[in-house]
Amino acid sequence: MAGCCSWLRGFLFEYDTPRIVLIRSRKVGLMNRAVQLFILAYVIGWVLVWEKGYQEVDSVVSSVTAKAKGVTVTNSSQLGFRIWDVADYVIPAQGENSIFIMTNIIVTMNQTQGFCPELPGRTSVCKSDSDCPAGTTDTHSSGVATGRCVPYNRTLKTCEVAAWCPVEDDSLVPSPAFLKAAENFTLLVKNNIWYPKFNFTKRNILPNITTTYLKSCIYDAATDPFCPIFRLGRLVEYAGHSFQDMAVEGGIMGIQIRWDCNLDRAASFCLPRYSFRRLDTRDKNHNVSPGYNFRFAKYYTDLTGTEHRTQIKAYGIRFDIIVFGKAGKFDIIPTMISIGSGLALFGVATVLCDIIVLYCMKKRYYFREKKYKYVEDYEQGIHNEMDQ
Amino acid sequence: MAGCCSWLRGFLFEYDTPRIVLIRSRKVGLMNRAVQLFILAYVIGWVLVWEKGYQEVDSVVSSVTAKAKGVTVTNSSQLGFRIWDVADYVIPAQGENSIFIMTNIIVTMNQTQGFCPELPGRTSVCKSDSDCPAGTTDTHSSGVATGRCVPYNRTLKTCEVAAWCPVEDDSLVPSPAFLKAAENFTLLVKNNIWYPKFNFTKRNILPNITTTYLKSCIYDAATDPFCPIFRLGRLVEYAGHSFQDMAVEGGIMGIQIRWDCNLDRAASFCLPRYSFRRLDTRDKNHNVSPGYNFRFAKYYTDLTGTEHRTQIKAYGIRFDIIVFGKAGKFDIIPTMISIGSGLALFGVATVLCDIIVLYCMKKRYYFREKKYKYVEDYEQGIHNEMDQ
Amino acid sequence: MAGCCSWLRGFLFEYDTPRIVLIRSRKVGLMNRAVQLFILAYVIGWVLVWEKGYQEVDSVVSSVTAKAKGVTVTNSSQLGFRIWDVADYVIPAQGENSIFIMTNIIVTMNQTQGFCPELPGRTSVCKSDSDCPAGTTDTHSSGVATGRCVPYNRTLKTCEVAAWCPVEDDSLVPSPAFLKAAENFTLLVKNNIWYPKFNFTKRNILPNITTTYLKSCIYDAATDPFCPIFRLGRLVEYAGHSFQDMAVEGGIMGIQIRWDCNLDRAASFCLPRYSFRRLDTRDKNHNVSPGYNFRFAKYYTDLTGTEHRTQIKAYGIRFDIIVFGKAGKFDIIPTMISIGSGLALFGVATVLCDIIVLYCMKKRYYFREKKYKYVEDYEQGIHNEMDQ
């Protein structure tokens, strides 16, 4: 009890601080300070200021809407004179983070369920029925083989298939693109972001943007970096590609909106940065279903009630709006961790200098004698222990 | 060799610990302990307990499905008496993380490709053909100008356009909303989350929820916080808006599901928290395409094979289900980093006290003398070096 | 001024290093080194090497496209002999990170707006008109009650509703699934990832994959782990479920692509890892709208201009492509933090040994006397202070 008490008194009322050898030496002194300075510079300058080591970070939660505008006219032998507006070329009518603009099509009109010759292909060309095993189908065939071998044209015979007839012939893609005028369509992107941890929200339509400005502006990296309306052609250019070339077989464009915000500063400094990237790399040796396309059909029924459909293979550009970014805000934890581990590095300075002082310097023995006090653990060791 | 050996012996069998000056002083002693206590409290209490500095974190990977239910009836001059069910008002039929409920429409029936007067507008009103340069089109026009100036109504003449005729007139939006009854539709949200790092999965339909409960329940922040079925009207209310007002021009609602889980506790404590936010801020000065709407069309062909379409401008509410959250679980690395940098901070205590002892206290010279041992690097320095 | 100068000289040209007691003791020496070794091992081995504590991490930004291939034939009393191709069974025609393959359907043909008896149900069965309050509707009814009670069949009477008539009867789901052949359809998944922080991009179609290989390959965990083409049946198997069973009521499959990359190594080591998981857990007691399905309709108009529709309740499998992963690359900050907090832990070694030396060892008093120098803060304390 008493012992405990005295221990407690000792614990509370005693302060222990290491004894220091203070070496008056220009060399070592300066070196020591230099190293410390360097570490300090690193901790303050790099960790805290540059890398914002004092900030808590959160990543963005976002919601996007995109709306296309524009109308064009085409004139083809198959479809005749035709107007294309939003309801025609945006499929599906609304997306979530992406919008698809049809730029090229292969239309197969008036298909009905029936039997017709398959397209000539590696497996489908035949001499006799024996070449066409009934009921077979492979991933590239447009129907199920009936087992008959029928003339595809004067010269050629192919296996007959049960399919939507006539079968689509997508062997040659219209070039230039059917809706090449899509180049001038515009895209309005609305983006609303949220940083849950800081409960900070913002839109890409900035407060200082006026309605009149929005009605007229077109995004331009240099002159209008915050206008959320994009001209498709220019958008593809920014990514370093040609719209007309891309329009033929379609593709995918990434509209990247980066929200890197330092919430220790005013909210008005938290701005969206747009960048554009083509997401379907078109390298020739990976040309399995190049570009981007998909098939859909419009279904009709005639008087007799039999179902017709117009199948459309739609090539086009899908614009994926990719929102990302991090927000940082001062927080005590990361600050302390940065500082703490920074302080720890100060130990390095002493260690370094000690090594030099005790191993490299001319007077090392002298210094060692000053710094160290040798204590023997062995009985015989005690007598020859000298006091420094 | 021998030297190396002796060095090794020294390295292994010697233990060096700093020599300490132990100052018996109430003031400093207490202060020192106080600072240490504070640091300890910070490390233990704040870093470890509060901020869970001992946890590895992972962010959520999720999959969502949403399904609407409800039917309503409308009676309008244009469409007559009409029933609306899920297949009518959910467009597209299925989404990924969002579902669109149509609440208001502008229908333009029986459009055909042709020529008709453009809507009166800033650019389209004309006196003579000279006002209508042929082939021109701007982002807001519904077709391509033919170059003729034709009567729009008794009083007004506008440029003729090649377009889907008659052109849509969306100048006045039906108010109150056409499908105002959508307020009572319900939304079932199914959410399945995954924390890859911990391979932990969970659904928002909790294990303790019974089928009978699910058949009847409606989400209510107070009484049914875990029921995944939402009544649209109430959902908008929770976000602090009026459904009827929102239904007219449409909008976007965020259904935010937060999964913040401490996986050191039982899985049953890992629960979804629902919150609701309107994502399209309706401030009057940013009224470019306010709310949310898009156009689509249903296509028909008549006997003669000419194509008709019914164009629909659909206003409605898009419900984005936004899933986010972090899971934490004990891990050695962050623990060590927190503790390590915490320990480093202890050095601060000594530094602080030293400053006070050596610079502020009355007996500072005395203490300094005790703490420091001055060693001269200069020959002449040796003699006047005193031993402490 | 002069004082300041001398202080500065002192600050710059003096180097202070702690005085050390060097105890020659096998026990303590070895223990001390052991502890240090352990800490070193932890810092180097665990933090740096194993947990890559020297790396900055970034999480993936990705874009996905999926394309299905395959055709099948069905023969039913209702629809007769019918071919199904991509345009028929993929709804909607294109998605973003997911693709839906219809595997089972309930078709209700030739619906028109009108009045017809509701399906027999808890609320709809009636004896007389009084059982059918007009205008009522609940979430499960297919129309709005007219207030009349009409015969549903010979035996049964139900409330009449204004609805698309005849109302859909989805009481029994076709089993086996209508499009069971979907098992052999294939899915081509194209994924393009990006690590913004390191500006590193890659596709899941690896550079060393040839076109010929892509045309023929099918993903197989063992033999073709990098082929991005999946056979639906096998894909479901990998997740440990039966495709045929899943096809009946539909469901959601997660195709998880993990991109964990160590960018300190060559880019060719950064590879996608595919894994498959069923996202809609089918536990019997949560059977509210089990599986996955949705309704949509194809609209027609006949000569008289009255609108018909074919309503389809589509059951099927939605494939969600979930891309996630982290990339790490050497960065100075995390390295320093790891090392710094590691160094701090070294202090622990000394503390530990001190405790043993000063409290546990036989010669503790002797060692204490060597290590500590007692300094009294009290006048009377000075005289009895002894020199060590």
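Residues numbered from 1 in each chain as written. Chains lettered and ligands numbered in written order. Predicted model: local features only at pLDDT ≥ 70, side-chain atom pairs only at ≥ 80, totals over all residues. Heavy atoms only, no water.

Heading Subunit (unreviewed entry) of the UniProt record for chain A holds this comment: "Functional P2XRs are organized as homomeric and heteromeric trimers." (UniProt positions renumbered as here; feature names shortened; annotations may be inferred.)

Peer 1: Could you clarify how one ought to interpret the sheet that holds strand 18 (residues 326–330) of chain A in this entry?
Peer 2: Residue and element names in this part refer to chain A. An order of 3-18-14 is seen for the three strands of this open sheet, with the pairing classed as mixed. Looking at which strands have only one partner, the edges of the open sheet turn out to be strand 3 (55–59) and strand 14 (261–262). Direction of pairing for strand 14 relative to strand 18: parallel, over a ladder of two bridges. Looking across to strand 18, one finds that Asn 262 is bridged to Gly 328. (Pairing = 2+ DSSP bridges. Helix = DSSP H or I, 4+ residues; strand = E, 2+ residues; numbered from the N terminus.)

Peer 1: Can you walk me through the interface of chain C and chain B in this structure?
Peer 2: How big an interface is tends to be stated in terms of the accessible area lost upon association of its parts. Between chain C and chain B, the residue contacts involve 91 residues of the former and 74 residues of the latter. For the pair chain C and chain B, the two sides together bury roughly 7,700 Å², of which 55% comes from carbon and sulfur. With a shortest N-O distance of 3.5 Å, Glu307(C) and Lys298(B) are connected by a salt bridge. Between the two partners, chain C and chain B, sit 22 residue pairs in polar contact (both at pLDDT 80 or more). Residue classes in the side of chain C that touches chain B are distributed as 41 nonpolar, 25 polar and 25 charged. Where strand 2 (residues 20–24) of chain B meets strand 19 (residues 372–376) of chain C, five bridges bridge the pair, whose relative direction is parallel. (Contact = heavy atoms within 4.5 Å. Buried area = accessible area lost by both parts, 1.4 Å probe. Salt bridge = Lys/Arg side-chain N within 4 Å of Asp/Glu carboxyl O. Polar contact = N/O pair within 3.5 Å; in protein donor to acceptor, adjacent residues only side chain to side chain. Nonpolar A, V, L, I, M, F, W, Y, C, P; charged D, E, K, R; others polar.)

Peer 1: What's the story with the nonpolar core in this structure? I'm lost.
Peer 2: Soluble globular proteins: nonpolar side chains tend toward being buried together. Formed by 61 residues in total, the largest nonpolar core has its most connected members in Tyr89(C), Ile101(C), Met102(C) and Phe319(C). The greatest single-element share of this core, amounting to eight residues, is contributed by strand 17 (residues 307–324) of chain C. (Core = buried A, V, L, I, M, F, W, Y, C linked by side-chain atoms within 4.5 Å. Buried < 20%, exposed > 50% of the residue type's maximum accessible area, 1.4 Å probe, protein only.)

Peer 1: Got a minute to help me understand the relation of the copies chain C and chain B in this structure?
Peer 2: Superposition of the two copies of the chain requires a rotation about an axis together with a shift along that axis. The two copies are related by a screw operation: chain C maps onto chain B through 120° of rotation and 0.0 Å of translation along the axis, at an RMSD of 0.2 Å. A rotation of that kind, with that shift, is consistent with a three-fold axis. (Least-squares fit on C-alpha atoms with pLDDT ≥ 70 in both.)

Peer 1: Got a minute to help me understand the sheet that holds strand 1 (residues 14–18) of chain A in this structure?
Peer 2: Strand pairing within a sheet occurs via backbone hydrogen bonds; the two strands may be parallel or antiparallel. Taken in spatial order, the three strands of this open sheet run 1(A)-2(B)-19(C), and their pairing is mixed. Bordering the open sheet on either side are strand 1 of chain A together with strand 19 of chain C, each of which pairs with just one other strand. If you compare each strand with its neighbour and ignore which way they point, the axes differ by 25° on average. Seen against the sheet, helix 8 (residues 364–371) of chain C touches strand 2 of chain B together with strand 19 of chain C and runs at an angle of roughly 65° to strand 19 of chain C. (Axes fitted to C-alpha atoms, helices over the stretch in contact; angles between N-to-C directions.)

Peer 1: Looking at this structure, I do not really get the environment of Gly10(A). What am I missing?
Peer 2: Residue and element names in this part refer to chain A. Topologically, Gly 10 is positioned in helix 1 (residues 2–13). Its relative accessible area of 16% is what places Gly 10 among the buried residues. Along the primary structure Gly 10 and Lys 313 are separated by 303 residues, whereas in three dimensions their C-alpha atoms are 88 Å apart.

Peer 1: Explanation requested: the pairing of strand 5 (residues 72–76) of chain B in the structure shown.
Peer 2: Consecutive residues of a regular strand have side chains that alternate between opposite faces of the sheet. Residues and elements named next belong to chain B. Side chains Thr 72, Thr 74 and Ser 76 of strand 5 all project onto a buried face; the interleaved residues Val 73 and Asn 75 project onto a face where none is buried. Across five bridges, strand 5 lies against strand 6 (residues 80–84) in antiparallel orientation. Bridging from a neighbouring strand, Asn 75 pairs with Phe 81 of strand 6. Hairpin connection of strand 5 to strand 6: three residues between the antiparallel strands.

Peer 1: I keep staring at the UniProt feature "binding site: ATP" (unreviewed entry) in chain A and nothing clicks. Help me out?
Peer 2: All names here are of chain A. The feature "binding site: ATP" (unreviewed entry), as given by UniProt, occupies Lys 67, Ala 68, Lys 69, Thr 186, Asn 293, Phe 294, Arg 295 and Lys 313 in the numbering adopted here. What stands out for the annotated residues spanning 247 residues is how far apart their C-alpha atoms range, the widest pair being 24.3 Å apart. Relative to the helices and strands, Ala 68 is located in strand 4 (residues 61–69). Here Ala 68 is in contact with Val 86, Tyr 89, Val 90, Ile 99, Ile 101, Thr 186 and Leu 187, once residues within four sequence places are set aside. Note on placement: Lys 313 falls in strand 17 (residues 307–324). Excluding anything up to four places from it in sequence, Lys 313 contacts Asn 104, Ile 105, Ile 106, Glu 168, Asp 170, Asn 293, Phe 294 and Arg 295.

Peer 1: Is there a simple way to explain the environment of Glu51(A) in this structure?
Peer 2: Inspection of the secondary structure puts Glu51(A) in the loop between helix 2 (26–50) and strand 3. Residue Glu51(A) is classed as partly exposed on the basis of its relative accessible area, which comes to 30%. Glu51(A) has contacts with Trp46(A), Glu56(C) and Ile333(C), leaving out every residue within four places of it along the chain.

Peer 1: Honestly, the packing of aromatic side chains in this entry has me stumped. Any pointers?
Peer 2: Here a ring pair, both rings aromatic, is described through the centre-centre distance and the interplanar angle of the planes. On inspection of all chains with the given rule, the structure shows 54 aromatic pairs over all chains. Measuring from ring centre to ring centre gives 5.8 Å for Tyr219(B) and Tyr238(B), while their planes differ by 75°; the resulting arrangement is edge-to-face. Of this pair, Tyr219(B) sits in the loop between helix 4 (211–216) and strand 12 (229–231) while Tyr238(B) is found in helix 5 (residues 232–238), placing the two residues 19 residues apart along the sequence. According to the relative accessible area criterion, Tyr219(B) is buried, its value standing at 6%. Over the face of the ring belonging to Trp194(C) we find Arg277(A), whose NZ or CZ atom lies 4.6 Å from the ring centre. Above the ring of Tyr299(A), the side-chain terminus of Lys298(C) is found at 3.7 Å from the ring centroid. (Phe/Tyr/Trp six-rings, centres within 6.5 Å; stacked < 30°, edge-to-face > 60°. Lys NZ or Arg CZ within 6 Å of the ring centre and 35° of its normal.)

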